[in-house]
Amino acid sequence: MIHYFYKQTPSLIHYSTVPVYGAHEDYPLVHDRSGVLLRVGNRSFLLTAVHEMEQWCDVAASLIRDTSSLFVSTGEIAFHLNADRGPETVKLEFENLIFLSQNTLDVAILEVTPATAELLNQKAFVQPADLRILNAPKEGLFVAYGHPFFLGDPGDPHEAPQVVKSPVCWFDTTPADSSSRQGHDAVNHLLFRFPPGLVDPRTGKIPDDAIKGMSGCGIWQVQPNGNNGQLANYAKLVGILHRQYLKDGWIVATSLRCVKETLAMEYPDLAEYVNGIELLVL
C-alpha cells in the first residue's frame, strides 16, 4: 500500500477532505464514503459520489430520508454513538441536493446551510480557482485522497471502543492508457492506474477493499517539490472518484465539467464564479 498521511500532503487537499457517515434514527454512525468541501460565492457544498446513497436519501426526490442523517468529521475521529459525539462530529443540514446520474457521472452536489458551513469553519473549502477541468490527460502527477474503510474501526460499537479512527490516506496514480476506456468517455471521465503498491505481494492481486470508502473523494493534480520525494504545497481538484476496476487495475473519476455546468445552470447567481474555472488539455 502506497499511503501517506496528512503531514505529507498539500494543506488544501487535507483540510477540504472529509469522511462522510450515515445514521438511521438513533443507530450508530456508519462510515459510508468520502467527500470534498467546496465554496462558490456565498454558498457552501459537499461534493461526493451518488452510488449507494439510496440508503440515506430519496435520490429521485433529492431528499434525505426522514429516518436518516448524514454527518462529517472535522477531526481524525468520529464517535459512533450520539451520546459520545463532540463538536468534531457535524450533522449536515442542507439547502439543496443535486444528484447527477450514478450510472455515468455519479456526482452529488449537496448544498449545506450557512449554519452547517459555520460548524465546518476549521476545515478548508475549495474555491473555483482551485478547480481544473481536464480532457483525457496523458501525463501529470495525481493523487486520490480520501478515507478508506480499512483505516476505520469495524467492530461492534457497543463492544469495541466507540470511536471510528479515520486518518486520511492517499496514493500516487497516473493516467490509464486510453485503450482501457471501454464505456467511459473523454468528456466526462478520467482514468487512472492503480499504483503498484496496492498489489498484495502474497497474492499478486489488488485487494477487494483496497479503496472502499474513498468513493466520492477528490482526484488532485499535484506537483513535486524538486527531487526530494515530497509534494509542493500546490493542488488542483480535477475529479471525483467514481469507481474502481480491480481486475484491470484502474479507477474512474468524473471530471469537474459536470459540476461547473450544473452549478451555472442551477445557481445563476454563481455563474460569474464558475465560468472562470480553468479548462486544461494535457
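Please refer to the structure placed before this passage.
About the thresholds
- Residues numbered from 1 in each chain as written.
- Predicted model: local features only at pLDDT ≥ 70, side-chain atom pairs only at ≥ 80, totals over all residues.
- Heavy atoms only, no water.
- Phe/Tyr/Trp six-rings, centres within 6.5 Å; stacked < 30°, edge-to-face > 60°.
- Helix = DSSP H or I, 4+ residues; strand = E, 2+ residues; numbered from the N terminus.
- Buried < 20%, exposed > 50% of the residue type's maximum accessible area, 1.4 Å probe, protein only.
- Lys NZ or Arg CZ within 6 Å of the ring centre and 35° of its normal.
- Salt bridge = Lys/Arg side-chain N within 4 Å of Asp/Glu carboxyl O.
- Pairing = 2+ DSSP bridges.
- Contact = heavy atoms within 4.5 Å.

Draft legend 1. Seen up close, the packing of aromatic side chains. Counted according to the given criterion, the structure contains two aromatic pairs. When the centroid spacing of 5.4 Å and the interplanar angle of 80 degrees are considered together, the rings of F45 and Y267 count as edge-to-face. Here F45, found in strand β3 (residues 43-48), pairs with Y267, found in the loop between α3 (257-266) and α4 (271-274); they are 222 residues apart in sequence, far enough to count as distant. Comparing F45 with Y267, the two get one shared label, buried. The cationic tip of R39 hangs over the ring face of F125; the distance from NZ or CZ to the ring centre is 3.9 Å.

Draft legend 2. Structural context of the pattern of salt bridges. Within the structure shown, the criterion is met by three salt bridges. Across the salt bridge formed by R33 and D32, the nearest N and O atoms sit 2.6 Å from each other. D32 carries the same exposure label as R33, and that label is buried. Close ionic contact of D269 with R43 constitutes a salt bridge, the shortest N to O distance being 3.2 Å. Residue D269 is found in the loop between α3 and α4, and its partner R43 is found in strand β3; the two are separated by 226 residues along the sequence. The partly exposed category is assigned to D269, whose relative accessible area is 38%. A relative accessible area of 24% places R43 in the partly exposed class. Each of R43, E111 and D269 takes part in a single network of salt bridges with overlapping partners.

Draft legend 3. Region of the structure containing the pairing of strand β16 (residues 218-222). Most of β16 sits out of view: five of its five residues are buried. Where burial is concerned, the two faces of β16 agree: the one with G218, W220 and V222 and the one with I219 and Q221 are both buried. When strand β12 (residues 141-146) meets β16, the two strands line up antiparallel, connected through five bridges. Within β16, the position partnered with A144 by the bridge is I219. Bridge count between β16 and strand β17 (residues 236-245): four bridges; the pairing is antiparallel. Looking at β17, one finds that Q221 is bridged to K236.

Draft legend 4. Examining the environment of V40 more closely. Looking at where V40 falls in the secondary structure, it is placed in strand β2 (residues 30-40). Overall, V40 belongs to the buried group, its relative accessible area being 1%. Contacts of V40, omitting those with residues within four sequence positions, involve F45, P128, L263, L270, Y273 and V274.

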